[in-house]
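# Chains, contacts and geometry: an overview
So the chains spell out like this:
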Amino acid sequence: MEFALNKSTDGDITLKPVYTSPTVVSLLSDPVWQLVDFVMSAPVLGILSSFGIGANIINIMVFLKQDLSKTVNVNFLALCVADLGSSVFMFWESVLYNPYLQKSGIPIGLEDLVYLTAALPSAVFSRISTLIHVYITLERCLCIAMPLKIKEIFTPNQSITTMAGIYLLSTLSILPMYLSGYLELSINPTTNTTVYKSS
């Protein structure tokens, strides 16, 4: 612990402890961290989200061919659509995180563009997916608790209404962020250029 001399207005001198934060030791050097960030952000995220897009398109086609008069099929179809949306925006995020695109000199703050066009929509679809999982879990729990009344409680029309409500409320919850956040021209003093940054 370090101490500093503290002189008050009436001339008294006291020792005051100075609290410093501990030094953070990085396990990876900056070039190694940049390589790991590049590999995880662009290629790995792009490849995994591409598989997610393909798998969810196949699942959506399968559920559309099945009977949508069953609540299970309606719920899983809505879940596949939410996962497809999340995968599409994650793929777009991997495109924007490409370091070659970041170094290309495009006059756009890519971090802000990623936030507005990829991260927020992906978060909304992840939230929708989570809420649909909660709904499916509730339905499965009630199947065990009340097996003879479950078809009266959860009808296909009620499931469609609930899924539409989940999509609508989750989308409306992000609307204030989109109405307040936008890209505008600002000056970057370090490079002496004009770029689009979020407000």
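Residues numbered from 1 in each chain as written. Predicted model: local features only at pLDDT ≥ 70, side-chain atom pairs only at ≥ 80, totals over all residues. Heavy atoms only, no water.

## Some remarks on the overall build of the protein chain
What counts, and what does not: The helix count covers DSSP runs of H or I at least four residues long, the strand count covers runs of E at least two residues long, and both are numbered beginning at the N terminus. Using a 1.4 Å probe on the protein chains alone, a residue whose accessible area is under 20% of its type maximum counts as buried, one over 50% counts as exposed, and one in between counts as partly exposed. We call two residues in contact whenever any of their non-hydrogen atoms come within 4.5 Å of each other. Using a 1.4 Å probe, the Shrake-Rupley method yields the accessible areas, and only the shown protein chains count as cover for residues.
Secondary structure assignment for the protein chain yields six helices and four strands. Start at the N end of the protein chain and walk to the C end: the helices and strands fall as β-β-α-α-α-α-α-α-β-β. Looking at the protein chain as a whole, 27% of its 199 residues are labelled buried. Taking as baseline every contact in the protein chain between residues at least 6 positions apart, the subset at least 24 positions apart corresponds to 58%. Carbon and sulfur atoms form 68% of the exposed surface of the protein chain, whose accessible area is close to 13500 Å².

## Some details on the packing of aromatic side chains
Under the convention used in this document: Side-chain rings of Phe, Tyr and Trp, where Trp is taken by its six-membered ring, are said to pair if the distance between their centres is within 6.5 Å; with planes under 30 degrees apart they count as stacked, over 60 as edge-to-face, and otherwise as tilted.
Summed over the entire model, instances satisfying the criterion amount to three aromatic pairs. Pairing Phe89 with Phe125 gives two aromatic rings, centres 5.9 Å apart and planes at 20 degrees, and the pair type is stacked. Placement of the pair is Phe89 in helix H2 (residues 71–96) and Phe125 in helix H4 (residues 110–145), with a sequence separation of 36 residues. You can call Phe89 partly exposed: its relative accessible area is 25%. Summarising the aromatic geometry, the rings of Tyr135 and Phe154 are spaced 5.5 Å apart at their centres and angled 80 degrees between planes, so their arrangement reads as edge-to-face. In this pair, Tyr135 is assigned in helix H4 and Phe154 in the loop between helix H5 (150–153) and helix H6 (156–180), connecting sequence segments 19 residues apart. For the residue pair Tyr135 and Phe154, the accessibility class agrees, reading buried in each case.

## Let's talk about the packing of H4 against H6
Quick reminder of the rule: In this description, a line fitted to the C-alpha atoms serves as the axis of each element, helices being fitted only across the stretch in contact, and the angle between N-to-C directions of two axes falls anywhere from 0 to 180 degrees. Oblique is the label for any angle not under 35 degrees, not over 145, and not in the 65 to 115 range, which are roughly parallel, roughly antiparallel and roughly perpendicular in turn. The handedness criterion is simple: a crossing whose near helix is rotated anticlockwise from the far helix by less than a right angle is left-handed, and one whose near helix is rotated clockwise is right-handed. Residues are grouped as follows: nonpolar covers Ala, Val, Leu, Ile, Met, Phe, Trp, Tyr, Cys and Pro; charged covers Asp, Glu, Lys and Arg; every other residue, Gly included, is treated as polar.
Where H4 meets H6, the closest approach of the two axes is 10 Å, and the angle between their N-to-C directions is 150 degrees. Accordingly, the angle class assigned to the pair H4 and H6 is roughly antiparallel. Crossing of H4 against H6: the hand is right-handed. On H6, the residues touching Tyr115, Leu116, Leu120, Pro121, Val124, Phe125, Arg127, Ile128, Leu131, Ile132 and Tyr135 of H4 are Gln158, Ser159, Thr162, Met163, Ile166, Tyr167, Ser170, Thr171, Ser173, Ile174, Met177 and Tyr178. Its residues assigned to classes, the contact of H4 with H6 comprises 16 nonpolar, six polar and one charged.

## Quick notes on the pairing of strand E3 (residues 183–188)
Just so we agree on the cut-off: Whether two strands pair comes down to DSSP finding at least two bridges between them.
Two strands pair when backbone bridges link them, and E3 and strand E4 (residues 193–198) are joined in this way by six bridges, in the antiparallel orientation. Looking across to E4, one finds that Ile187 is bridged to Thr194. Hairpin remark: E3 followed by E4, antiparallel, with four residues in the connecting loop; positive phi at Asn192, about 55 degrees.

## Regarding the nonpolar core
As a reminder, the rule being used: Residues belong to a common nonpolar core when they are buried Ala, Val, Leu, Ile, Met, Phe, Trp, Tyr or Cys residues joined through side-chain atoms within 4.5 Å.
Counting residues in each nonpolar core, the largest one holds 16 residues, and the members touching the most others are Ile128, Ile132, Phe154, Met163 and Ile166. If you tally residues by element for this core, the top one is H4, at eight residues. If near-sequence neighbours (up to four positions away) are discounted, Ile128 is found in contact with Ala82, Ile166, Tyr167 and Ser170. Counting six residues, the second-largest nonpolar core is a separate cluster that includes Ile53, Ile60, Phe63 and Cys80.

## Here's the deal with H6
Rules: What a helix is expected to span follows from its residue count: subtract one and scale by 1.5 Å. Two axes define the bend at a residue: one fitted to the seven residues ending there, one fitted to the seven starting there, and the bend is the angle between them.
The end-to-end C-alpha separation of H6 is 37 Å, in line with the 36 Å expected for 25 residues at 1.5 Å each. Along H6, the helix axis deviates most sharply at Ile174, where the bend reaches about 30 degrees; the proline Pro176 sits within four residues downstream. Of the residues making up H6, those classed as buried are Ser159, Met163, Ile166, Ser170 and Ile174. Elements that come into contact with the buried residues of H6 comprise H2 and H4.

## Examining the side chain of Glu93
Let me state the cut-off plainly: The charged-residue count follows a simple rule in which Lys and Arg add positive charge and Asp and Glu add negative charge, with His and chain termini not counted at all. The term salt bridge refers to a side-chain nitrogen of Lys or Arg lying within 4 Å of a carboxyl oxygen of Asp or Glu.
Locating Glu93 in the fold gives a position in helix H2. The buried charged residue Glu93 lacks any salt bridge partner; its closest oppositely charged side chain belongs to Arg127, at an N-O distance of 14 Å.

## Thoughts on the confidence of the model for the protein chain
Stated formally: What pLDDT conveys is the predictor's confidence in a given residue, as a value from 0 to 100.
Per-residue confidence for the protein chain averages 84 on the pLDDT scale, and 86% of its residues sit at or above 70. Per-element confidence in the protein chain ranges from a low mean pLDDT of 61 for strand E1 (residues 2–7) to a high of 94 for H2.

## Quick look at the pattern of salt bridges
Counted under the stated rule, the structure contains one salt bridge. The salt bridge partner of Arg140 is Glu139, with a shortest N-O separation of 3.5 Å. Given a relative accessible area of 40%, Arg140 falls into the partly exposed group. Using a relative accessible area of 3% as the deciding quantity, one classes Glu139 as buried.

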